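# Fold and contact review
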Amino acid sequence: MERTLLANPGTTAHCPARARKRSDSQPAGLQHMEQPTEDHPGSGASTMPASALPRTGSDSVLLKVPVPLGSIADSLRASDGQLHAKAPTKPPRTSSLMLPDASGRPPTYCELVPRVPGVQGTPPGHSCPEPEAPWWEAEKEEEEEEEENRCFARPQAEVSFCPPDNPFFLLGSQNRPLETEVLHTLHGLFLEHHPGSTALHLLLVDCQATGLLGVTKAQRGAMGVASGLELLTLPHGHRLRLELLERLETLALAGALAVLGCAGPLEERAAALRGLVELALALRPGAAGDLPGLAAVMGALLMPQVSRLERTWRQLRRSHTEAALAFEQELKPLMRALDEGAGPCDPGEVALPYVAPAVRLLEGEELPGPLDESCERLLRTLHRARLLARDAPRFREAAARRLRGFRPHPELREALTTGFLRRLHWGSRGAGAPWATRLEKFQRVLSVLSQRLEPDH
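What you see is a predicted model; the values in this text were computed from it and never measured.

A grouping of R311, R314, R317 and R318 is seen on the molecular surface, where their side chains present a positively charged patch. Checked against the element boundaries, R311 lands in helix 11 (residues 310-319). By relative accessible area, R311 is classed as partly exposed at 42%.

Printed below as a string of structure tokens:
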């Protein structure tokens, strides 16, 4: 008697969908992508469960040739002229069949063949690669799972969100300050990307440096809160506050260097000014919404060594009138409001809020101005910091929404990190010096460059 496969006539069985689980997303160095952990069949195709065909007749060899479901379904319909259209038939006689192993899953009625334990197939833990998703898109599911079981955890230590100074694409293991070849490479790299793309690169790196995106489970456990926006308001956020202040100043120095390093024609420096203004416009609320990045670019444009270049600014107003008007009428008033603890901070139009006023205040810096105005500004800044910490989840969603589908350029992303800029500005040896010493020396370098471009009369 021939053995046939059991089937329920008139019923179509469907395999339950296998839930995909995403991996932890940690920023490691400059590129960190999610690694798949489960099989990912293509759309419109089905995978065979781990099983083996039963022996038929005298055939004692397990079938090891991959057979798609479509061919088996065709064999089930091949006897339409002899039997009922829905009657099952015996499996095809082939010499071998290799079926994927799924020895951890219980049998289901949707399987066409029963499972035989111990069939050699794909080893457990090995799966077909699936399309990788960036960590800033994959971490939301993890945080939602943790949120359900979250309870108070006492902070363990201060946390740093700046990636370690791993080997860089554009710098060697040892480099001198402001190497000419690297500066030329960076100049061409920024010219290849329009301001909107550069703004998204800067938003991604700023979100990681602030601890808004890319925070690991271990970091959340160590700091006792979910994001850096909350951490920077707490006593054990001292290290993060110093890192954010250094990053803000380092980015501003890099922007100023982009202008003061142009030793060519006047129009070249005016074009560099226009590029910074366009980048600031791409970072403003309603666009990328990266307010720390906007503050860094404006810090470069308002730096004394840059603002004193009268001929360069005059050329900007003559050749790039729209950029000059946007700088004077839109960007400068916006920056003034942000420095005073006001300005936009709604998570709908802002992805990463401006935290520098609160950070400086918490680090003991005195507020300028008359006493009555400084007290009012103090209360306004502290109130703004409390709102930012409360709305941290909404800012995280806004940032992830702006970065959805974004694929950064590895070298451009690297060029915007604090560690790279530190090595670029002060070299591999000087990067370890105290921050105040490094800042003072670089300010003197910028002053010399500014005087060479437009000497005082």
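There's plenty left to go through after this.
Further remarks concern the confidence of the model for the protein. Caution applies to low-pLDDT parts of the model: their predicted coordinates are not meant to be read in detail. Confidence in the prediction for the protein averages 76 pLDDT; 65% of positions are at 70 or higher. This model gives residues 1-87 a pLDDT under 50, and the stretch forms 155 contacts once residues within four places in sequence are excluded. Predicted confidence is poor over residues 90-131, with pLDDT under 50, and the contacts of this stretch with residues over four places away or in other chains come to 96 contacts.

Moving on, we get to empty space enclosed by the protein. A water-sized probe rolled over the atoms picks out the places where empty space is left. This model, assessed by the stated rule, comprises six cavities of 30 Å³ or more. The calculated volume of the largest cavity comes to roughly 160 Å³. If you go around the largest cavity, you meet 13 residues; those closest to its centre are T210, L244, L248, P292 and V355. Looking at the lining of the largest cavity, the elements with two or more residues in it are helix 4 (195-210), helix 7 (238-260) and helix 13 (356-362). For the lining of the largest cavity, the element with the most residues is helix 7, which contributes five residues. Here the lining of the largest cavity is built from residues that sort into 10 nonpolar, one polar and two charged.

Once that is clear, we can look at helix 17 (residues 418-430). Under the 1.5 Å per step criterion, the end-to-end length of helix 17 is only 14 Å for 13 residues, more than 12% shorter than the ideal 18 Å. Helix geometry: helix 17 is bent most strongly at L424, by close to 80°. Taken across its 13 residues, helix 17 has 10 buried, putting it largely inside the fold. Along helix 17, the positions that sit buried rather than exposed are T418, G419, F420, L421, R422, R423, L424, H425, W426 and G427. Against helix 3 (180-192), helix 7, helix 16 (410-415) and helix 18 (435-453) lie the buried residues of helix 17.

Let's shift gears to a nonpolar patch on the surface. A surface patch of nonpolar side chains, about 210 Å² in accessible area, is lined by L362, L378 and L382. Take L378: it is sitting in helix 14 (residues 371-390).

Space inside the second largest pocket adds up to approximately 1,200 Å³. As for the second largest pocket, its lining consists of 36 residues, and the residues nearest its centre are L186, H187, F190, A254 and A258. Looking at the lining of the second largest pocket, the elements with two or more residues in it are helix 3, helix 4, helix 7, helix 8 (266-283), helix 9 (291-301) and helix 17. Looking at which element gives the most residues to the lining of the second largest pocket, the answer is helix 8, with eight residues. Across the lining of the second largest pocket, the residue classes break down as 23 nonpolar, 10 polar and three charged.

Now for the nonpolar core. By size, the foremost hydrophobic cluster in this structure holds 89 residues, and its most contacted members are L294, L301 and F420. Considering every element that reaches this core, the biggest residue donor is helix 7, with 11 residues. Excluding its chain neighbours within four sequence positions, the residues that come into contact with F420 are F168, L170, L171, V182, L186, E414 and A415.

Pairs of aromatic rings are described using the distance from one ring centre to the other and the angle between the two planes. Within this structure, the stated rule accounts for four aromatic pairs. Connected via pairs of aromatic rings, a cluster forms that spans W426, W435 and F442. Sitting above the plane of the W426 ring, R438 keeps its charged end 4.9 Å from the centroid.

Scoring rules and cut-offs
- Residue positions are counted from 1 within each chain, in the order its sequence is given.
- In keeping with the model being predicted, local features are shown solely for residues with a pLDDT of at least 70 and side-chain atom pairs are shown and tallied solely at 80 or more, while totals for entire chains, interfaces and linings include all residues.
- Think of the side-chain values as coming from all heavy atoms in the structure, minus any hydrogens and water.
- Patches draw on residues past 30% relative accessible area with no salt bridge. Two like charges within 9 Å are joined, as are two nonpolar side chains (Val, Leu, Ile, Met, Phe, Trp, Tyr) within 5 Å.
- Accessible areas in this description were obtained via Shrake-Rupley with a 1.4 Å probe; residue shielding takes into account the shown protein chains only.
- Put simply, a salt bridge is a Lys or Arg side-chain nitrogen that is within 4 Å of an Asp or Glu carboxyl oxygen.
- Positive charges are assigned to Lys and Arg, negative charges to Asp and Glu, while His and the chain termini are left out of the count.
- By convention, the point assigned to a charge is CZ for Arg, NZ for Lys, CD for Glu and CG for Asp.
- Strands here mean DSSP runs of E at least two residues long; helices mean DSSP runs of H or I at least four residues long; both are numbered from the N terminus.
- The rule is simple: take the accessible area with a 1.4 Å probe, protein chains only, and divide by the maximum for that residue type; under 20% is buried, over 50% is exposed, in between is partly exposed.
- Per-residue confidence from the predictor is reported as pLDDT, which spans 0 to 100.
- Should any heavy atoms of two residues lie within 4.5 Å, those residues are considered in contact.
- The rule is simple: put a 1 Å grid over the protein atoms alone, call a set of points where a 1.4 Å probe fits but cannot get out a cavity, call an open set with protein on both sides within 12 Å along at least five of seven lines a pocket, and count a residue as lining if it has an atom within 4 Å of a point.
- Grid points are joined across faces, edges and corners, and a volume is the space filled by probe spheres set on the points.
- Ten residues, namely Ala, Val, Leu, Ile, Met, Phe, Trp, Tyr, Cys and Pro, are considered nonpolar, four, namely Asp, Glu, Lys and Arg, are considered charged, and the remaining ones, Gly among them, are considered polar.
- Under the convention used throughout, the expected extent of a helix is 1.5 Å for every residue step, that is, one less than its residue count.
- To get the bend at a residue, fit one axis to the 7 residues ending there and another to the 7 starting there, then take the angle between the axes.
- Side-chain atoms within 4.5 Å link the members of a nonpolar core, which is a set of buried Ala, Val, Leu, Ile, Met, Phe, Trp, Tyr and Cys residues.
- Only Phe, Tyr and Trp rings take part, Trp by its six-membered ring, and two of them pair if their centres are within 6.5 Å. Stacked means planes under 30 degrees apart, edge-to-face means over 60, and tilted covers everything else.
- When the NZ atom of lysine or the CZ atom of arginine is within 6 Å of a ring's centre and also within 35 degrees of its normal, the charge is said to sit over that ring.

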